[in-house]
Amino acid sequence: MNYFDKISNKILGGYNLAEWLDECRKSGKRIVFTNGCFDILHRGHVEYLAKAASFGDVMLVGLNTDASVKRLKGPSRPVNDEYARAFVLAGLEFVSAVVLFDDDTPYDLIKTVQPDVLVKGSDYKPEDIVGYDIVTAKGGKVVTVDLVEGYSTTGTIEKLIS
């Protein structure tokens, strides 16, 4: 098996996203969506993503582009470029697909995806999560997952600098 191609094929562009969503819906799969920067992947990310994936049959990760990470996190971020971040995420067994988005929030992407389950960290209240209105209007669920204390990309970067 060519694992490189298997991982690469999980990184979707616009047309591939529509095709992937269509295949999922036709086969009755429950789509889970989450999003983030996932700059330096650490245990907290992996635990969060594994728990998120358990809420459905397939999980799509919306990944901020480099430009949107810079706007959100500052000029020194991201540490890893968008393709590197997408490739690492796509290499995780429980991540079904990764799609990049350039906006500051994934609202338009969530409108396109129409996930059955929207997942974010428990540092958010469900009703404050971007896309809550879209998902609940179609009868979907918005779920929060506890974050792993002591793990963050900012904390990792601070440890490396000090």
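As shown above, the structure is provided for reference.
What counts and what doesn't
- Residues numbered from 1 in each chain as written.
- Predicted model: local features only at pLDDT ≥ 70, side-chain atom pairs only at ≥ 80, totals over all residues.
- Heavy atoms only, no water.
- Core = buried A, V, L, I, M, F, W, Y, C linked by side-chain atoms within 4.5 Å.
- Buried < 20%, exposed > 50% of the residue type's maximum accessible area, 1.4 Å probe, protein only.
- Helix = DSSP H or I, 4+ residues; strand = E, 2+ residues; numbered from the N terminus.
- Contact = heavy atoms within 4.5 Å.
- Lys, Arg positive; Asp, Glu negative; His and termini not counted.
- Salt bridge = Lys/Arg side-chain N within 4 Å of Asp/Glu carboxyl O.
- Pairing = 2+ DSSP bridges.
- Axes fitted to C-alpha atoms, helices over the stretch in contact; angles between N-to-C directions.

J.: Is there a simple way to explain the nonpolar core in this structure?
T.: One broad rule of soluble globular proteins: the nonpolar side chains tend to lie buried together. If you look at the biggest cluster of nonpolar residues, it comprises 21 residues, and the most contacted ones within it are Phe 38, Leu 49, Met 59, Val 61, Leu 89, Val 98 and Val 119. Of all the secondary structure elements, the ones that give two or more residues to this core are helix H3 (43–53), strand S3 (58–64), helix H5 (82–90), strand S5 (117–121) and strand S6 (141–145). Here this core takes four residues from H3, the largest share from any one element. Residues contacting Leu 89, with those up to four places away along its chain left out, are Phe 38, Leu 41, Leu 49, Val 61, Leu 63, Val 95 and Val 98. In this structure, Phe 101, Val 113, Ile 129 and Val 135 belong to the second largest nonpolar core, which totals 20 residues.

J.: Looking at this structure, how should I read unusual backbone geometry?
T.: For residues besides glycine, phi is generally negative; the peptide bonds are generally trans as well. A cis amide bond links Arg 77 to the next residue, Pro 78, at an omega of 0 degrees. Of note, Pro 78 is situated in the loop between helix H4 (66–73) and H5. One non-glycine residue, Phe 38, adopts positive backbone phi at about 45 degrees. For Phe 38, the position within the fold is in the loop between strand S2 (31–36) and H3. Backbone geometry places Gln 114, a non-glycine residue, at a positive phi of 55 degrees. Overall, the relative accessible area of 27% leaves Gln 114 in the partly exposed class.

J.: Looking at this structure, how should I read the side chain of Lys 120?
T.: Looking at the element boundaries, Lys 120 is found in strand S5. Comment: no salt bridge for buried Lys 120; closest opposite-charge side chain is Asp 123, at 7.1 Å. Aside from chain neighbours lying at most four places away, what touches Lys 120 is Thr 34, Asn 35, Tyr 48, Ile 129, Val 143, Thr 144 and Val 145.

J.: Help me understand the sheet that holds S6, please; the structure alone is not making it clear to me.
T.: Think of a sheet as strands paired side by side through backbone hydrogen bonds, with each pair either parallel or antiparallel. Here we have six strands laid out as an open sheet, ordered S1-S4-S3-S2-S5-S6, and parallel in their pairing. Bordering the open sheet on either side are strand S1 (11–12) and S6, each of which pairs with just one other strand. Where S1 and strand S4 (residues 97–101) come together, two bridges link them in parallel fashion. By the bridge assignment, Leu 12 is partnered in S4 with Val 99. Across the face of the sheet, H5 comes into contact with S1, S3 and S4 while running at roughly 165 degrees to S3.

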